[in-house]
Amino acid sequence: MPKKINLSLIITLVVLVFLYLPIMTVVGLSFNTSSNSLIWKGFGFDWYQNIWTNEPIISSFQRTIFVALVTTFFSLLIGTTISIGLNKMKAGGFLRTFSTAPAIVPDLVLAIGLLTTFSTISLSLNLRTVIISHTVFCTAFVVAIVLARIGLMDPSIEEASTDLGAGPFKTLFKVTIPQLMPALIAGAVLSFTLSMDEFVIAFFTNGPETPTLPMVIYSMIRFGVTPEINVLGTLLLAISFVGVILAQRIGKVADSI
Amino acid sequence: MSEDLLKVRNLTKKFGTITALNNVSLEIKNNEMFALLGPSGCGKTTLLRIIAGFEYPDSGQVLINDSDLLSIPTRTRPVNLMFQSYALFPHMDIFSNISYGLTNTSFTKEEINNQTNEIIEKIGLGEHVKKKPNQLSGGQQQRVALARAIARKPKILLLDEPLSALDKKIRQEMQVELKRIQHEFGITFIIVTHDQDEAISLANRIAVFDKGEIKQISTPQELYENPTNEFVANFIGEGNILKATSTNFGFEHPCLGKVNISHSMGAGKSVTILIRPESIILSPATTGAGQITDAVFAGAKKNITIKLTTNEIVRVYADKSANLEVGSHVNLSFNPQDVRVF
Amino acid sequence: MLFMSVLTAGRFGGVNTPINFDNFSRATDSIFVQVILNSLLIAGATAILSLLIGFPTALFISRLSRKWQIILIVAIILPYWTNFLVRTYAWLVLLNNEGIINKFLRNIGLIDKPIEMLYTSGAVIVGMTYLYLPLMILPIYAALEKIDKNLTEAAYDLGSSAWKSLRTVSIPLAMPGILIGLIFVFVPSLGNFVVPELLGGGKTVMIGNLVRDQFLKARDWPFGATFALILTLILVILISLQSYVSKRVNINA
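Residues numbered from 1 in each chain as written. Chains lettered and ligands numbered in written order. Predicted model: local features only at pLDDT ≥ 70, side-chain atom pairs only at ≥ 80, totals over all residues. Heavy atoms only, no water.

1. Regarding the overall build of chain A
Working step 1: Along chain A, the regular secondary structure elements total 11 helices and 0 strands.
Working step 2: For chain A, the sequential pattern of α-helices and β-strands runs α-α-α-α-α-α-α-α-α-α-α.
Working step 3: Sorting the 257 residues of chain A into buried and exposed places 56% on the buried side.
Working step 4: The contacts of chain A with a sequence gap of at least 6 include a subset with a gap of at least 24, amounting to 70%.
Working step 5: Carbon and sulfur atoms form 72% of the exposed surface of chain A, whose accessible area is close to 11,500 Å². (Helix = DSSP H or I, 4+ residues; strand = E, 2+ residues; numbered from the N terminus. Buried < 20%, exposed > 50% of the residue type's maximum accessible area, 1.4 Å probe, protein only. Contact = heavy atoms within 4.5 Å. Areas by Shrake-Rupley, 256 points an atom, 1.4 Å probe, with all protein chains shown as cover.)

Below is the structure:
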């Protein structure tokens, strides 16, 4: 084999180290018992125990989960409706691009756009505005995923249902939605993860009394390196990893149905 | 006339500037195997979709047992469709696929189960009831599609290109099977196809479509032997189409000479004639009407290709023992009764 | 959908009445121009760095067996699914004067005083490359993976050197993927304000920071919106350019 392959092997290994070293460092340090997270004192779960008594972290975590759940529900509902509608209307490129735009627009631009909208209609900033904003953002991803799946669907299958005497509701719930299931699951997992990890939009559209977890982490990081972040980072990492693996498993199972 | 189950009257349907159906009329009898045959884009699928209820015509009528079919909603029409792609529900097992149509009726659960099992039995799908469609072969999937479509005991079953997705061997098997099932269930079949072999082997009668119009409706044999126009002559079976000039008693062709036939179209007009390959007899000649350019052995016969002095190409089925070599000159003769003039 | 139209209407019109172009002339003050140029430079450097290490990685992966391709692609995506604040924070830990890298270098005796790595433009570039590298590798991999293996083999067969077959076959055919990767990395880098703040320590100011400060500190929303508009315009131009070049490449190929 030519020499170049060896060079790309080395670069690939460097890339993998580059991608995992920082994460692993955080994970490793989370088991440090020292109160200065940069000085290694000993292995232990001290900070894992401490974090459960840290009221701001726990309540912001609850808020984040709440926002992510409500966002997932509405994104899925609105996104699926829009997708099915767009498909029925045989809508062209413009409407499709328009409904997926929030996924492409930089989050900062979307965030200030939403902020100015809320202030124009005098909506006070709190978790409600975060949920609205995250729904706008996540719906775009749901539409992108569901539309792609609808595109793969044989249009005769819905016709077959009508031909065999089913009404529009039965066709929707017994034929269309079951076929979209893999996309709906993927959309739900994606919405939940995106909303849970989302910082920029929440930062602009949330009020000061109800920070979400990423906002709390942000303000903690601004004060420097602290042991709590190592632990939180490791926990979030674990949640994301489990989420991704779960999504793939469910995706595979759903696809085989 | 009461034996006509379905009457289509002056049906016209346009998609934008394209006319899919232009003033189409036809009658289909009870228990008939009727084929709508034509090249793709000829309007046959549009007619099928109008009967099924997925399209609505711009004008015209469709009557079933002399009552209006078009005013019946798609889902309650006594008509079912077997889709070209089969359109089986991929997330349901075979039993649920077949019973789906019955669940949209007022039957009890027990009646649904009994009727579904009866159909599964008759169509020979017993061992597959618990499987998903993607676990079945193409031929088995088609049986499921067929079973699902006849489960509601429709008056008419529409079949969209029923054999096109199958390979040759299963195709022949399914032809026999379709005829058996049609006979057993006593349902009228309307088959849409672009494949003349499929239409000829399955149907009692065929409507030949071209560019949104019906060119001829007849039995397969009639279409082959007595096509009424050039399109049908060309589309059904293999035929030699030649340009000739009409005379008072028939026609005249530079290589075939004057031929007298039973009817005349008046003298001096340019006409088209059709002669089937099996109707021509070849005789060697030193300077004949044409020269053999190709001779291919094909089992019981020889396929001969001849180039006439008019540069027209003629195909002839000759006896396999005939001594006909590429390059030799031949004269052509035939029984004037076997010639069609348009 | 309704949200979206309200949003586009509200975004620049709602607060910007009466419409005037003062904000645009203010935005062309030399200090702001400096910030914009600086942002373009840093985002550009991030994109180039990502390409330089992302392309060989994608190339390597695309030549593995199907099973290993999937394993490595998942390995590359996984970090992307972790919270981006945590990933940025990780570099804070690594690059710190008391951080692992400095400690390691000191322990092996390479340096005796810590190198100032944190709070530099370099730290910002490395941090953003880290954040967005998967977005570079994936589209290039997708493009390379589609290339018929016979093509590169044919190039070898015709006597091309490895480098020449790469330059004349793989790179041109992967060009659409490379362009998408560049956009995918450049776009979020340009609008990012968290990394410049945390890893650049406020010394590196990018457009994102300006927008944030105008909105949340100076409370001059129209002026902030002006920068957001400039940001959006740059991105729209880039994306149109990318789709134009992509089409050209496709026609030529």
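2. Notes on the confidence of the model for chain C
All names here are of chain C.
Working step 1: For chain C, mean pLDDT is 79; residues scoring 70 or higher make up 84% of the total.
Working step 2: Of all secondary-structure elements in chain C, the lowest mean pLDDT belongs to helix α1 (residues 2-14), at 40, while helix α7 (residues 121-146) reaches the highest, 91.
Working step 3: Confidence drops under pLDDT 50 across residues 1-18; counting only partners more than four residues distant or on other chains, this segment forms 29 contacts.
Working step 4: At the level of chain-chain contacts, confidence expressed as ipTM amounts to 0.82, with global pTM at 0.80. (pLDDT = per-residue confidence, 0-100.)

3. What to know about the interface of chain A and chain B
Working step 1: Listed by partner, the interface residues are 19 residues for chain A and 24 residues for chain B.
Working step 2: Both faces combined, the contact of chain A with chain B buries some 1,800 Å², and carbon together with sulfur accounts for 57% of it.
Working step 3: In this assembly, chain A and chain B are joined by 1 salt bridge.
Working step 4: For Glu159 of chain A, the salt bridge goes to Arg49 of chain B, with nearest N and O atoms at 2.7 Å.
Working step 5: If you look at where chain A meets chain B, you find 11 residue pairs in polar contact (both at pLDDT 80 or more).
Working step 6: Elements with a contribution of two residues or more to the side of chain A that touches chain B: α7 (155-163) and α8 (168-197) of chain A.
Working step 7: Considering each element in turn, the side of chain A that touches chain B owes the most residues, 7 residues, to α7 of chain A.
Working step 8: For the side of chain A that touches chain B, the per-class residue count stands at 7 nonpolar, 7 polar and 5 charged. (Buried area = accessible area lost by both parts, 1.4 Å probe. Salt bridge = Lys/Arg side-chain N within 4 Å of Asp/Glu carboxyl O. Polar contact = N/O pair within 3.5 Å; in protein donor to acceptor, adjacent residues only side chain to side chain. Nonpolar A, V, L, I, M, F, W, Y, C, P; charged D, E, K, R; others polar.)

4. Quick word on the pattern of salt bridges
Any two side chains of opposite charge can pair, given that their charged atoms come close.
Working step 1: Scanning the model with the defined rule gives 16 salt bridges over all chains in all.
Working step 2: Glu197 of chain C is paired through a salt bridge with Arg222 of chain A; the nearest N and O atoms lie 3.1 Å apart. Residue Glu197 of chain C is found in helix α10 (residues 194-198), and its partner Arg222 of chain A is found in helix α10 (residues 213-222); the two belong to separate chains.
Working step 3: For Glu197 of chain C, a relative accessible area of 14% gives the class buried.
Working step 4: A residue is classified by how much of its surface remains accessible, and Arg222 of chain A, at 46% relative accessible area, is partly exposed.
Working step 5: In this structure, Asp66 of chain B engages Lys7 of chain B in a salt bridge whose closest nitrogen and oxygen atoms are separated by 2.6 Å. Of this pair, Asp66 of chain B sits in the loop between β4 (59-64) and β5 (67-68) while Lys7 of chain B sits in strand β1 (residues 4-15), and the two are 59 residues apart along the sequence.

5. A word on the side chain of His91 of chain B
Working step 1: Relative to the elements of secondary structure, His91 of chain B occurs in the loop between β6 (79-82) and α2 (94-103).
Working step 2: Classification of His91 of chain B by relative accessible area gives buried; the value is 16%.
Working step 3: Among the polar contacts made by the side chain of His91 of chain B, one reaches the main-chain carbonyl oxygen of Lys174 of chain A at a distance of 2.7 Å.

6. Quick word on the layout of surface pockets
One water molecule sets the probe size; rolling that probe over the atoms shows where empty space is left.
Working step 1: Each pocket or cavity is described by its volume, and for the largest pocket that value is around 1,300 Å³.
Working step 2: As for the largest pocket, its lining consists of 37 residues, of which Ala103, Phe137 and Phe141 of chain A together with Tyr80 and Leu135 of chain C are closest to the centre.
Working step 3: Looking at the lining of the largest pocket element by element, the count peaks at 6 residues for helix α9 (residues 162-191) of chain C.
Working step 4: Of the pockets and cavities examined, the second largest pocket occupies roughly 760 Å³. (1 Å grid on protein atoms, 1.4 Å probe; cavity = no way out; pocket = protein on both sides within 12 Å on 5 of 7 lines; lining within 4 Å. Points joined across faces, edges and corners; volume = space filled by probe spheres on them.)

7. Remarks on the interface of chain C and chain A
Working step 1: In this complex, chain C contributes 63 residues to the contact, which on the side of chain A involves 63 residues.
Working step 2: At the junction of chain C with chain A, the criterion picks out 1 salt bridge.
Working step 3: Put simply, chain C and chain A have 7 residue pairs in polar contact (both at pLDDT 80 or more) between them.
Working step 4: Of the residues contributing to the side of chain C that touches chain A, the split by class is 46 nonpolar, 11 polar and 6 charged.

8. A look at unusual backbone geometry
Residues and elements named next belong to chain B.
Working step 1: The phi dihedral of Ala87 falls on the positive side, at around 50 degrees, and the residue is not glycine.
Working step 2: Residue placement: Ala87 occurs in the loop between β6 and α2.
Working step 3: Exposure remark for Ala87: the relative accessible area of 1% places this residue in the buried category.
Working step 4: One non-glycine residue, Glu161, lies in the positive phi region at around 45 degrees.
Working step 5: Structurally, the position occupied by Glu161 is in the loop between β7 (156-160) and α5 (168-185).
Working step 6: Glu161 sits in the buried class, given a relative accessible area of 8%.

9. Looking at the packing of helix α3 (residues 109-123) of chain B against α5 of chain B
Residue and element names in this part refer to chain B.
Working step 1: For the pair α3 and α5, the least separation of the axes is 11 Å and the interaxial angle reads 140 degrees. It follows that α3 is oblique to α5 by the angle criterion. Of the two possible hands of crossing, α3 and α5 adopt the one that is right-handed. Contacts from Ile119, Lys122 and Ile123 in α3 reach Glu177, Arg180, Ile181, Glu184 and Phe185 in α5.
Working step 2: Per-class residue counts for the contact of α3 with α5 are 4 nonpolar, no polar and 4 charged. (Axes fitted to C-alpha atoms, helices over the stretch in contact; angles between N-to-C directions. Parallel < 35°, antiparallel > 145°, perpendicular 65-115°, else oblique. Left-handed = near helix turned anticlockwise from the far one by under 90°.)

10. Describing empty space enclosed by the protein
All names here are of chain A.
Working step 1: Going through the model one piece at a time under the given rule, you end up with 2 cavities of 30 Å³ or more.
Working step 2: Size it by volume and the second largest cavity reaches roughly 40 Å³.
Working step 3: Every residue along the wall of the second largest cavity is listed here: Ile84, Asn87, Lys88, Ile150, Met153, Glu158 and Thr176.
Working step 4: The dominant element in the lining of the second largest cavity, judged by the number of residues it contributes, is helix α3 (residues 55-88), at 3 residues.
Working step 5: Residues of the lining of the second largest cavity, tallied by class, amount to 3 nonpolar, 2 polar and 2 charged.

11. Some words on the sheet that holds strand β16 (residues 290-298) of chain B
Residue and element names in this part refer to chain B.
Working step 1: Read across the open sheet, the 5 strands follow the order β15-β19-β16-β17-β18; overall the sheet is antiparallel. Every interior strand has two partners, whereas the edge strands, β15 (281-284) and β18 (313-319), have only one. Between one strand and the next, the sheet's axes are offset by a mean angle of 40 degrees, whatever the strand orientation. (Pairing = 2+ DSSP bridges.)

12. Re the sheet that holds β5 of chain B
Residue and element names in this part refer to chain B.
Working step 1: The strand order β2-β1-β4-β5 describes an open sheet built from 4 strands, whose pairing is antiparallel. The open sheet terminates on both sides in strands that have one partner only, identified here as β2 (18-29) and β5.
Working step 2: Against the sheet, helix α1 (residues 44-52) makes contact with β1, β2 and β4, and its axis sits at roughly 115 degrees relative to β1, the strand it touches most.

13. Things to note about the packing of helix α3 (residues 30-62) of chain C against helix α4 (residues 66-77) of chain C
Residue and element names in this part refer to chain C.
Working step 1: Their axes nearest at 9 Å, the elements α3 and α4 cross at an angle of 150 degrees. With respect to their mutual orientation, α3 and α4 come out roughly antiparallel. Residue-level contacts link Thr57, Phe60, Ile61 and Ser62 of α3 to Gln69, Leu72, Ile73 and Ile76 of α4.
Working step 2: Its residues assigned to classes, the contact of α3 with α4 shows 5 nonpolar, 3 polar and no charged.

14. Some details on the packing of aromatic side chains
Working step 1: Taken as a whole, this structure holds 22 aromatic pairs over all chains when the rule is applied.
Working step 2: Judged by centre distance (5.2 Å) and plane angle (25 degrees), the ring pair of Phe31 of chain A and Phe43 of chain A falls under stacked. One end of the pair, Phe31 of chain A, is in the loop between α1 (3-30) and α2 (46-51); the other, Phe43 of chain A, is in the loop between α1 and α2, with 12 residues separating them in the sequence.
Working step 3: Judged by relative accessible area, which is 57%, Phe43 of chain A ranks as exposed.
Working step 4: When the ring of Phe137 of chain A is compared with that of Phe141 of chain A, the centres are 5.4 Å apart and the planes differ by 75 degrees; the resulting orientation is edge-to-face. Linking Phe137 of chain A with Phe141 of chain A, this pair stays in helix α6 (residues 127-152), spanning 4 residues, or about one helical turn.
Working step 5: Phe137 of chain A sits in the buried class, given a relative accessible area of 11%.
Working step 6: Phe141 of chain A sits in the partly exposed class, given a relative accessible area of 22%.
Working step 7: Site record: aromatic cluster; members linked through ring pairs are Phe199, Phe203, Phe204 and Tyr218 of chain A together with Phe84, Phe193 and Phe215 of chain C.
Working step 8: In this structure, Lys170 of chain A packs its charged tip against the face of Tyr100 of chain B, placed 4.8 Å from the ring centre. (Phe/Tyr/Trp six-rings, centres within 6.5 Å; stacked < 30°, edge-to-face > 60°. Lys NZ or Arg CZ within 6 Å of the ring centre and 35° of its normal.)

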